[in-house]
Amino acid sequence: KADYKHAGELNRLGAKIKLEGKVAVIEGVPQLPVRRLGRGSARRAALVIAGLAAQGETQVMHPQYIDRGYAHFEENLRALGADVYRI
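Small disclaimer: the values here were computed from a predicted structure and weren't measured. (Residues numbered from 1 in each chain as written. Predicted model: local features only at pLDDT ≥ 70, side-chain atom pairs only at ≥ 80, totals over all residues. Heavy atoms only, no water.)

Enquirer: How do you make sense of the pattern of salt bridges when you look at a structure like this?
Expert: Side chains that differ in charge, positive against negative, can pair when their charged atoms come close. Across all of its chains, the model carries 4 salt bridges by this definition. Note that Glu20 is salt-bridged to Lys18, the shortest N-O span being 3.6 Å. One salt bridge connects Glu74 with Arg78, and the closest N-O pair in it is separated by 2.5 Å. With Glu74 and Arg78 both in helix 5 (residues 73–79), this residue pair falls 4 residues apart, about one helical turn. Judged by its relative accessible area of 15%, Glu74 is buried. Overall, the relative accessible area of 38% leaves Arg78 in the partly exposed class. Bridged by salt links that share partners, the residues Glu74, Arg78 and Arg86 form one connected network. (Salt bridge = Lys/Arg side-chain N within 4 Å of Asp/Glu carboxyl O. Helix = DSSP H or I, 4+ residues; strand = E, 2+ residues; numbered from the N terminus. Buried < 20%, exposed > 50% of the residue type's maximum accessible area, 1.4 Å probe, protein only.)

Below you can see the structure in the form of structure tokens.
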């Protein structure tokens, strides 16, 4: 079964995702706006990846929710060239 529960969150970030049954139709956008990802959103690594594509800086609140689901997430992103840091 396909799981598209993150499509709504990504659409709120500015993505254009339309669900048609078991298919997600995704239209590219030139840029995503800067956002602050809250507690519920921070658990979803897909939103962090979308934040990397956003214009400007994206802040992720409560990163411990990512930590418990993804080992070395921050370091892995840095290895891919992402400019991520904790404050």
